[in-house]
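This is what each chain is made of:
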Amino acid sequence: MEREIEIAPSILAADFARLGEQVKEAEAAGADRIHIDVMDGMFVPNITMGPVVVKALRKVTDLPLDVHLMIERPERYLEAFAEAGADIITVHVEASVHLHRTLTEIHRLGLKAGVALNPHTPPEMVREVIEYVDVILAMTVNPGFSGQSFIHSTLPKIGELRRMLNACCGGRDLAVDGGIDPATAVLAISRGANVLVAGDAIFRRSVGIARAIQELRGAQRIAARQTA
Ligand code: DX5
Ligand code: ZN
């Protein structure tokens, strides 16, 4: 039996005036981890949140807090996010010059380590560190904003990353992030993604958070049927 996909609501699309409530609602609806997008206005054009938000959310949920650092030289802030209560820290391969050292440091802090790749970054960029990585995060939009359209040309790379993970260290997570909805989720799952990060498709749906998560989960059945 194939393992269940995991759903990681991205709070960037949540109502910030009711952030705690929305995270609790996502947890009650069966979310598997909470995805927190940290942006510095340098690596990406937008500025969002820092360790103080992670610390506040740590008090409202038991779900793993998955911190996606879209910042330059992320190694400067690993300790601060670990102290705030992060469980997973993901850094961009494009932003960390000494990536092996950064990943080793995340593990030394007792956290899981992720590496993210922008849409134009080839899978080869993670080959030499793949054994040190718990999660690969394939960006399916250019990072910076919620609500962008899925970039279809990233699909072959998702497949290649899954093959690389299978060859090295099967069972590790391959997450996709950006423009994920029930339809694009099917495409990503078919290529081997097992974690769906979604903002718009969870927090901004008129059907509500619970139904939106259910619909994303349904993508796994559709993908399985298509490949059968
Ligand atoms: C994009 C962020 C994403 C974003 C996804 O820069 O890394 O996590 O919130 O949002 P949606 O699912 O709305 O594309
Ligand atoms: Zn993200």
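Heads up: the structure comes first, above all this text.
Residues numbered from 1 in each chain as written. Chains lettered and ligands numbered in written order. Predicted model: local features only at pLDDT ≥ 70, side-chain atom pairs only at ≥ 80, totals over all residues. Heavy atoms only, no water.

A. Structural view of the packing of helix 6 (residues 182-190) against helix 8 (residues 209-227). One can describe the packing of helix 6 onto helix 8 by two numbers: an axis separation of 8 Å at closest approach and a directional angle of 50 degrees. Considering their axes alone, helix 6 and helix 8 lie oblique with respect to each other. Every pair of crossing elements has a handedness; the one defined by helix 6 and helix 8 is right-handed. Contact with helix 6, carried on its side by Pro-182, Ala-185, Val-186, Ile-189 and Ser-190, involves Glu-215, Leu-216, Ala-219, Gln-220, Ile-222, Ala-223 and Gln-226 of helix 8 and no other residues of that element. (Axes fitted to C-alpha atoms, helices over the stretch in contact; angles between N-to-C directions. Helix = DSSP H or I, 4+ residues; strand = E, 2+ residues; numbered from the N terminus. Parallel < 35°, antiparallel > 145°, perpendicular 65-115°, else oblique. Left-handed = near helix turned anticlockwise from the far one by under 90°. Contact = heavy atoms within 4.5 Å.)

B. Just the side chain of Thr-154, in detail. Along the chain, Thr-154 falls in the loop between strand 6 (135-139) and helix 5 (155-169). Among the polar contacts made by the side chain of Thr-154, one reaches the main-chain carbonyl oxygen of Ile-151 at a distance of 2.7 Å. (Polar contact = N/O pair within 3.5 Å; in protein donor to acceptor, adjacent residues only side chain to side chain.)

C. Region of interest: the site of ligand 1. Taken together, 20 residues lie near ligand 1, and Ser-10, Gly-144, Ser-146, Asp-177 and Gly-199 sit nearest. Here Ser-10 contributes a side-chain N or O atom positioned 2.7 Å from an oxygen atom of ligand 1. At 2.7 Å from an oxygen atom of ligand 1 is found a side-chain nitrogen or oxygen belonging to Asp-177. Expressed as a share of its isolated accessible area of 380 Å², the protein-covered part of ligand 1 is 99%. Put simply, the parts of the chain that give the shell around ligand 1 at least two residues each are strand 2 (34-39), strand 3 (65-70) and strand 8 (195-198). Counting residues per element, the shell around ligand 1 draws most heavily on strand 2, which supplies 3 residues. The residue makeup of the shell around ligand 1, split by class, is 8 nonpolar, 9 polar and 3 charged. (Near = heavy atom within 4 Å. Areas by Shrake-Rupley, 256 points an atom, 1.4 Å probe, with all protein chains shown as cover. Nonpolar A, V, L, I, M, F, W, Y, C, P; charged D, E, K, R; others polar.)

D. Main features of the state of the cysteines. Counted by the stated rule, this structure contains 1 disulfide. Note on cysteine connectivity: Cys-168 is disulfide-linked to Cys-169, with sulfurs 2.0 Å apart. Between Cys-168 and Cys-169, the disulfide has an S-S torsion of 85 degrees and is therefore right-handed. For Cys-168, a relative accessible area of 36% corresponds to the partly exposed category. (Disulfide = S-S within 2.5 Å. Buried < 20%, exposed > 50% of the residue type's maximum accessible area, 1.4 Å probe, protein only.)

E. The arrangement of the coordination of the zinc ion (ligand 2) in detail. Around the zinc ion (ligand 2), the protein supplies His-35 (NE2), Asp-37 (OD), His-68 (ND1) and Asp-177 (OD) as donor atoms, at distances of 2.1 to 2.3 Å. Owing to a relative accessible area of 0%, His-68 belongs among the buried residues under this scheme. (Donors = N, O, S within 2.8 Å, 3.2 Å for Na, K, Ca; no water.)

F. Expanded view of the sheet that holds strand 1 (residues 6-9). Spatially, the 8 strands line up as an open sheet ordered 1-8-7-6-5-4-3-2, and their pairing is parallel. The two strands at the open ends of the sheet, each matched to only one other strand, are strand 1 and strand 2. Along the sheet, successive strands turn relative to each other by an average axial angle of 25 degrees, direction set aside. Where strand 5 (residues 112-117) lies against strand 6, 4 bridges are found, and the strand directions are parallel. Counted as the bridge partner of Val-115 is Ile-136 from strand 6. (Pairing = 2+ DSSP bridges.)

G. Up close: helix 6. Considered for burial, the residues of helix 6 that qualify are Thr-184, Ala-185, Val-186, Ala-188 and Ile-189. Where helix 6 begins, one side-chain oxygen reaches toward the backbone nitrogen of Ala-183, 2.9 Å away; that side chain belongs to Asp-181. In the stretch just after helix 6, Gly-192 is the one whose phi turns positive, near 115 degrees.

H. A look at helix 4 (residues 99-108). If you check which residues of helix 4 are buried, you get Leu-99, Thr-102, Leu-103 and Ile-106. Looking down the long axis of helix 4, one finds its buried residues gathered within 95 degrees of arc, a one-sided arrangement. Exposed residues pointing more than 90 degrees away from the buried face of helix 4 are listed as Arg-101 and Arg-108. The elements touched by buried residues of helix 4 are helix 3 (78-84), strand 4 (88-92) and strand 5. Following helix 4 by one or two positions, Gly-110 has its phi on the positive side, about 90 degrees. (Arc of directions from axis to C-beta.)

I. Region of the structure containing the pattern of salt bridges. For the structure on display, the rule yields 14 salt bridges. For Arg-18, the salt bridge identified is with Asp-15, shortest N-O distance 3.3 Å. What makes Arg-18 partly exposed here is its relative accessible area of 33%. The shortest N-O distance in the salt bridge between Asp-32 and Arg-217 comes to 3.0 Å. Separated by 185 residues along the polypeptide, Asp-32 in the loop between helix 1 (19-28) and strand 2 and Arg-217 in helix 8 bring together distant segments of the chain. Given the relative accessible area of 23%, Arg-217 is considered partly exposed. Three or more residues joined by partner-sharing salt bridges are found here, namely Arg-3, Glu-6, Arg-33 and Asp-173. (Salt bridge = Lys/Arg side-chain N within 4 Å of Asp/Glu carboxyl O.)

Honestly, that's just the spatial picture; any functional story needs more than this.
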